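Structural description and commentary
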Amino acid sequence: MDFTLNDEQMMFAETARTLFSDSCTPDHWRKMMEQGVVRDDARWASIVETGLTLVLLPEDAGGIGLSETDFALIAQEAGYVALPEPLVESAGVAMPMLAALAPGHDLLGDPAATIAIAHPLNPFVANADSAAAILLEKDGEAYLATPDQVTLTAQPSIDPFRRLFKVEWSPENAAPLGKADWDLALDRACVFNAAMGLGLAQRAVDMAVDYAKERQQFGKPIGSYQAVKHHLASAQVAIEFAKPVVAAAAAEIGARDVQARARVSHAKLIALEAADKAARASIQVHGAMGYSWEVDVHLFLKRTLALTQAWGTPAYHRARIAARIFTQPMGPDQTFAREAQNA
Amino acid sequence: MDLTYTPEQQAFRAEVRAWLEAHVPGEPLEHFDATREGFEAHRAWEKTLKSGDWGMVTWPKEYGGRGLDLIQWLIFEEEYYRAGAPGRVNQNGIFLLGPTLIEFGTHEQKQRFLPKMASGEEIWAQAWSEPMAGSDLAGVRSTCVLEGDEYVLNGHKIWSSRAVFADWAFGLFRTPGTERHKGLSLIFFPLDAPGVTVNPIKKINGHVGFAEIFLENVRVPAFNRLGDEGQGWHICMATAGFERGLMLRSPARYQVAARKLAELWEAHKESADPSLEADVVRAHMNADAYALNIYQTASRLIAGAKIGPEASTNKIFWSELDIHLTQTALSILGPTAELTHEAPDACPVDWIDDYIFALAGPIYAGSNEIQRNIIAERMLGLPR
Ligand SMILES: Cc1cc2nc3c(=O)[nH]c(=O)nc-3n(C[C@H](O)[C@H](O)[C@H](O)COP(=O)(O)OP(=O)(O)OC[C@H]3O[C@@H](n4cnc5c(N)ncnc54)[C@H](O)[C@@H]3O)c2cc1C
C-alpha cells in the first residue's frame, strides 16, 4: 500500500506544467478567441515533441506505455491552463483505443494528428473538424472515418475552445475496426476529465487569491475579509478531497470491476463539482471583473460546465456508484476491495 | 502508487480481526460519558485491549506500543470499527497527547506516562479552553509559577471532555506577565490533586460529557511540563495538527456509518422520499473520499512529510460529512427520527444520538470557521 507518486511521475507532471504555462497563457487564449481558432499548431507540435501524446500508447504502437496515473497528472496540468487542444480525448482516449484495435495503424505514427471519438454516451463529438480521423460506434463495433467521409453539423458550445459537432455517417464510408472497448474509453475519459477538473479548480482558486490580495475596498485588500476567505477555503477543501479519489480511480482503472467503475464515477463527479464550486467562488470574488469577458475566469466555469455533463451525466455516474453500494459489501475493510475477491 | 495490501498487511488484518472477534464484548457497553459505571467498563476494555498488546499500535514498543506504521494503524482502526468495538475512552490521551509526547517528551516522561496511557490505567482529559479563551486559545489566563522544582497552577478551564471521570489532564498555562502566544506552557496535572475542583457540565444529549475545572494553588512537579517553559503554543499546534489531520476521526467510523445508512435505505426505500438515494450515495462518496485522503496522508507521512495546514481541510470535511450522513438517516426515518433509544419503536441504530453528536464536530478541535481562516491564510496565503 503506497499512495505516493514516484519521482519520474512528478518530473513528467513538472515538464507538462512548464510547457503549458509557457505556451498557454491568457494572451494565447485571447488571441485564439479573437481569431476564432481552437488549435495552436506550434503548441500542439511542442506537446507532441515532449512526448505527452505518447504516454498511454503501448510500446508496440510506438508509444511509451505508461499508465493512467501518469496521463492523469498531465491532464490535471492541461486543466490548469484550460488547454484548448483535445489532448485528453485524442491522446488519452481515442489513440489508445485505435492502438488496441489496429496497433500498426498509420495515424498512430503521425505526430500532428489528433483523433476524435464519438462515444455512444455523447450526443456530440468534440473537435471533429480538425481531427485526422473520427472513431465511430455502431453495435459495439468501432469504425474509423475522416471528417470528409461524414457529415458534420456544428453545435456551438458555450466553451469557446470546444468545437462540437453532430456526426452523421454510414458504415459504407468508414473503415471497420471490430469490437471495441467502449467502457474502457468511457472510464479513461472520465478519469482524465476529472483530473482536468482538478486543474481547472485550482486555477480558479489561484486566480481569485491573486486578485483578492490586490483589489482593495474599504481601505483593505478584499482577501482580508472572512466572507471572501471562506468562499475560497471551501473550494480548496473540495479540491483536497477530490485529489485522492482521482488518483485512486486512475490507479485502479485496470481492475474493470464494479468498484473500479464506481470510483471512476466518483472521481468525475467530485472533481467537477470542486471545479464548479471553485469557478463560481472565483467569479464572485472577482466581482464585476469576474463577469467580464476580459478576465479569464469564465473559461474555467465554461469548461467545467461542459465536462460535467459530457461523458455521462451526474445521474449516470451516481447510478454506477449506487450499483457498487447495493451489490457489494460495504464497510471499512472494503476501501480497496475487488469484486472478484468478494465473489 | 500501489493500492493493494502486502501479504504482511493482510496477515496483520487477519490477526487483528481474529483477536477482536474473540474479545469484543457481545453487548454494547454503557456510554462512557453517561455514568461512572460506563466509564469504568470502558477502562476495563482498554485493559483487555492492552492484554492483546493493542493499546496503541503505532507507539514504540518500549512505551507500550507495537512500533507499527500508519498504514497498519489504519488497518487496525478499520477492523476495530468493523468489529463494533467500544469507543476509546482515552482518545484524548492516546490520539492527541500521546503523539505529542512522543515528539516533544523526554525519555523519562515517555516512560512515565505512555505505558499507563496505552493500558487505560490513566485516562486523560484535555484542559485547554477557558471561559475567555475558546477559538482565541492564545487568550489563556490560567497561570503556572515555578517554585523550586514544582509548578503552582491557578485558573479556570472549561469544556474539558471526560474530565468528570478521568485521572489526568494536560493543560495550557501562562507564566504571569506574558502575553498571547508567548509564555504558554503545557503542563500535566492529576484531576484529584489538592486544589482541583471538577464540576460536571451536561451536554445537549444530557450526558455529563464535559466539565469545568478550577485550579487553586495546585502543586505539580516541574517534570510534568512538556517541552520548555513558553513552548506551549508550538506544542499545542502540533497536537492540533495530529488531531485534525489524522487521528481524531478514523475514516473507518464513517465507512461503518455509510454502510448502516445504505442498509437503512434498503429497508425503507419503498416508503421514503426517492430523492434521498442521492444522499445515501453522497454519504458513501464522502466516507470513501475521506478514507482515500487519509491513506494518502499516511503514505506521505511514512515517506517523511510533515502534517501542515491542510490538516484543517480534514477537520472541515469529516465534520460536515458526519452531519450530512446522520441527517440523511433522520430524513429516511421520517416520523420515527425523533425517538430516543428508549422508545419501543426506535430504530436499533441510534441515529438521533449520532446526529446530535455530529453537531459538535464543527465546534470542537477548532471551529470550522477558524479552520477556514487557517486554510485561507496559511494554505492560500490571503492576508490576515
Ligand atoms: C463536544 C465538545 C467537546 C469539547 N472538548 C474539549 C476538551 O476536551 N478540551 C478543551 O480544552 N476544549 C474542549 N471543547 C471546547 C472547544 O475547543 C471550543 O468550544 C472551541 O475552541 C470554540 O470555542 P468557544 O466554544 O469558546 O466558542 P467561541 O470562540 O466563542 O466561538 C463562538 C462562535 O464564533 C465563531 N468565531 C470565533 N472567533 C472567530 C473568528 N476569528 N472568525 C470567525 N468566527 C469566529 C466560532 O467559529 C463559533 O462559531 C469542546 C467543545 C465541544 C463542543
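Quick caveat, the model's predicted, so the values are computed rather than measured.

1. Focus on the overall build of chain A
- A count of helices and strands for chain A gives eleven helices and nine strands.
- Taking 2.2 N^0.38 as the reference for a compact globule, 343 residues should give roughly 20 Å; the C-alpha atoms of chain A span a radius of gyration of 20 Å, in line with that estimate.
- Each principal axis of the C-alpha distribution contributes one length, and for chain A these read about 70 × 55 × 35 Å.
- A total of 343 residues make up chain A; the buried ones form 59% of that total.

2. What to know about the nonpolar core
- By size, the foremost hydrophobic cluster in this structure holds 197 residues, and its most contacted members are Phe20, Trp29, Leu87 and Ile117 of chain A together with Phe188, Leu261 and Tyr295 of chain B.
- Beyond its immediate stretch of four places on either side in the chain, tryptophan 29 of chain A contacts Cys24, Val81, Ala82, Phe161, Arg203, Met207, Asp296, Leu299 and Phe300 of chain A.
- Core analysis: the second largest hydrophobic core is formed by 24 residues, Ala127, Ala163, Phe173 and Ala211 of chain B among them.

3. Looking at the packing of aromatic side chains
- Under the criterion given, the structure shown has 30 aromatic pairs over all chains.
- Here phenylalanine 241 of chain A and tyrosine 290 of chain B contribute two aromatic rings whose centre-to-centre distance is 6.4 Å and whose plane-to-plane angle is 35 degrees, an arrangement assigned as tilted. One end of the pair, phenylalanine 241 of chain A, is in helix H7 (residues 226-252); the other, tyrosine 290 of chain B, is in helix H8 (residues 276-302), on a second chain. No difference in accessibility class separates phenylalanine 241 of chain A from tyrosine 290 of chain B, as the two residues are buried.
- Ring pairs connect the aromatic residues Phe12, Trp19, Trp45, Trp54, Phe76, Tyr80 and Tyr81 of chain B, which therefore count as one cluster.
- Note that arginine 249 of chain B overlies the ring of tryptophan 318 of chain B, its terminal NZ or CZ placed 5.5 Å from the centroid.
- Over the ring of tyrosine 364 of chain B we find lysine 315 of chain B, and its NZ or CZ is 5.9 Å from the ring centre.

4. Regarding the interface of chain B and chain A
- Between chain B and chain A, the contact holds 54 residues from the first and 46 residues from the second.
- Interface area lost by chain B to chain A is led by Met1, Leu3 and Leu380 of chain B, which between them contribute 17%.
- Our count for the chain B to chain A interface comes out at five salt bridges.
- Here arginine 82 of chain B makes a salt bridge to aspartate 333 of chain A, at a shortest N to O gap of 3.2 Å.

5. A closer look at the sheet that holds strand E3 (residues 133-138) of chain A
Residue and element names in this part refer to chain A.
- Here four strands make up an open sheet; going across it, the order is E1-E3-E4-E7 and the pairing mixed. In the strand order of this sheet, the two ends are held by strand E1 (115-117) and strand E7 (175-179), each with one partner. Within this sheet the neighbouring strands show an average axis-to-axis angle of 25 degrees, counted without direction.
- Pairing between E1 and E3: three bridges, direction parallel. Paired with isoleucine 115 across the two strands is alanine 133, which belongs to E3.
- Seen against the sheet, helix H5 (residues 87-101) touches E1, E3, strand E4 (141-145) and E7 and runs at an angle of roughly 90 degrees to E1.

6. Points about the site of the ligand
- In the vicinity of the ligand, 18 residues are found, and the nearest of them are Gln226 of chain A together with Ser135, Trp159, Ser367 and Glu369 of chain B.
- Residues within reach of the ligand are spread across chains A and B.
- Within the side chain of serine 129 of chain B, a nitrogen or oxygen atom sits 2.8 Å from a nitrogen atom of the ligand.
- About the coverage of the ligand: the protein hides 66% of its 960 Å² of free accessible area.
- Elements with a contribution of two residues or more to the shell around the ligand: strand E3 (150-161) and helix H11 (368-379) of chain B.

7. Description of the domain arrangement of chain A
Residue and element names in this part refer to chain A.
- Per the domain assignment, the segments of chain A are domain 1 (7-180) and domain 2 (183-342).
- On a C-alpha basis, the centroid separation for the pair domain 1 and domain 2 is 22 Å.
- On the side of domain 2, 33 residues touch domain 1, which itself brings 33 residues to the contact.
- Summing the contributions of domain 1 and of domain 2, the shared interface buries around 3000 Å²; its carbon and sulfur component is 66%.
- Considering only the surface of domain 1 that becomes buried against domain 2, Glu68, Tyr80 and Leu121 emerge as the three largest contributors, covering 21% of it.
- The interface formed by domain 1 and domain 2 holds three salt bridges in total.

8. Some thoughts on the layout of surface pockets
- One number sums up the size of the second largest pocket: a volume of about 940 Å³.
- In terms of lining residues, the second largest pocket is bounded by 34 residues, among which Leu5, Leu73, Gln76 and Lys243 of chain A together with Gln296 of chain B are the most central.
- Every element with two or more residues in the lining of the second largest pocket is listed here: helix H1 (7-23), helix H4 (68-80), helix H6 (182-214) and H7 of chain A together with H8 and helix H9 (311-333) of chain B.
- Take the lining of the second largest pocket: its biggest share by element is seven residues, from H7 of chain A.
- Partitioned by chemical class, the residues of the lining of the second largest pocket number 17 nonpolar, eleven polar and six charged.

9. Topic: helix H5 (residues 107-118) of chain B
All names here are of chain B.
- Across its twelve residues, H5 extends 16 Å between first and last C-alpha, which sits within 8% of the 16 Å expected from 1.5 Å per residue.
- Of the positions making up H5, those classed as buried are Gln109, Lys110, Phe113, Leu114, Met117 and Ala118. Axial view of H5: buried residues confined to an arc of 125 degrees, hence all on one face.
- Those residues of H5 that are buried are in contact with helix H2 (36-51), helix H4 (91-104), strand E1 (124-127), strand E4 (168-174), strand E5 (184-190) and strand E8 (225-226).
- In the stretch just after H5, glycine 120 is the one whose phi turns positive, near 80 degrees.

10. Structural notes on the confidence of the model for chain B
- Here chain B averages 95 in pLDDT, while 99% of its residues score no lower than 70.
- Interface scoring of the predicted complex returns ipTM 0.97; its pTM is 0.97.

11. Thoughts on the pattern of salt bridges
- By the definition in use, this model includes 44 salt bridges over all chains.
- A salt bridge links arginine 43 of chain A to aspartate 40 of chain A, with the shortest nitrogen-to-oxygen separation between them at 4.0 Å.
- Arginine 43 of chain A gets classed as buried once you look at its relative accessible area, which sits at 2%.
- Across the salt bridge formed by arginine 17 of chain B and aspartate 333 of chain A, the nearest N and O atoms sit 3.0 Å from each other. Within this pair, whereas arginine 17 of chain B is found in helix H1 (residues 7-23), its partner aspartate 333 of chain A is found in the loop between helix H10 (314-327) and helix H11 (339-342), the two belonging to separate chains.

12. Things to note about the pairing of E4 of chain A
All names here are of chain A.
- Counted residue by residue, E4 has four buried out of five residues, so it is predominantly covered.
- Inspection of the sheet shows E3 paired to E4 by five bridges, in the antiparallel sense. From the neighbouring strand, isoleucine 134 faces E4, where its bridge partner is alanine 145.
- Note: E4 against E7, four bridges, orientation antiparallel. Counted as the bridge partner of glutamate 141 is lysine 179 from E7.

About the cut-offs
- Every chain begins its residue count from 1, and numbering advances along the sequence as written.
- Chain letters and ligand numbers both follow the written order, the letters beginning at A and the numbers at 1.
- Two thresholds apply to this predicted model, a pLDDT of at least 70 for residue-level local features and 80 or more for giving and counting side-chain atom pairs, whereas whole-chain, interface and lining totals are computed over all residues.
- Derived side-chain values reflect all non-hydrogen atoms in the structure, with water molecules and hydrogen atoms excluded from consideration.
- By the criteria applied, helices consist of DSSP H or I runs no shorter than four residues and strands consist of E runs no shorter than two, each listed in order from the N terminus.
- Here the globule rule reads 2.2 Å times residues to the power 0.38, and the radius of gyration is calculated from C-alpha atoms.
- Each residue gets one of three labels from its accessible area relative to the maximum for its type: buried under 20%, exposed over 50%, partly exposed in between, using a 1.4 Å probe on protein chains only.
- Residues enter a nonpolar core if they are buried and are Ala, Val, Leu, Ile, Met, Phe, Trp, Tyr or Cys, with the set joined through side-chain atoms within 4.5 Å.
- Residue contacts are defined here by distance: any two heavy atoms, one from each residue, within 4.5 Å place the two residues in contact.
- The pairing test for Phe, Tyr and Trp rings, Trp by its six-membered ring, is centres within 6.5 Å, and the orientation test on the planes gives stacked under 30 degrees, edge-to-face over 60, and tilted for anything in between.
- For a ring to carry a charge above it, either NZ of a lysine or CZ of an arginine must fall within 6 Å of the ring centroid while also lying within 35 degrees of the normal to the ring plane.
- We define buried area as the total accessible area lost by two parts upon association, computed with a 1.4 Å probe and summed across both.
- Counted as salt bridges are all cases of a side-chain nitrogen of Lys or Arg within 4 Å of a carboxyl oxygen of Asp or Glu.
- For two strands to pair, DSSP has to find at least two bridges joining them.
- Here the axes come from fitting lines to C-alpha atoms, over the contacting stretch only for helices, and the angles between their N-to-C directions go from 0 to 180 degrees.
- What makes a residue near a molecule or strand is one non-hydrogen atom of that residue sitting within 4 Å of it.
- Pairs of N or O atoms within 3.5 Å make up the polar contacts considered here, provided that, within protein, one atom can donate a hydrogen while the other can accept it, and that residues adjacent in sequence are counted only when both atoms are side-chain atoms.
- Here the Shrake-Rupley method, with its probe set to 1.4 Å, supplies the accessible areas, and only the displayed protein chains count as covering residues.
- What counts as a domain boundary in this text is fixed by an automatic or database domain assignment.
- Two kinds of site are reported from a 1 Å grid over the protein atoms alone, namely cavities, where a 1.4 Å probe fits but cannot get out, and pockets, open sets with protein on both sides within 12 Å along at least five of seven lines, and residues are called lining when an atom falls within 4 Å of a point.
- Grid points are joined across faces, edges and corners, and a volume is the space filled by probe spheres set on the points.
- For this scheme, ten residues count as nonpolar: Ala, Val, Leu, Ile, Met, Phe, Trp, Tyr, Cys and Pro. Four count as charged, namely Asp, Glu, Lys and Arg, and the remainder, Gly too, count as polar.
- One fewer than the residue count of a helix, multiplied by 1.5 Å, yields its expected span.
- To be clear, the arc concerns the directions from the helix axis to the C-beta atoms.
- pLDDT runs from 0 to 100 and stands for how confident the predictor is about each residue.

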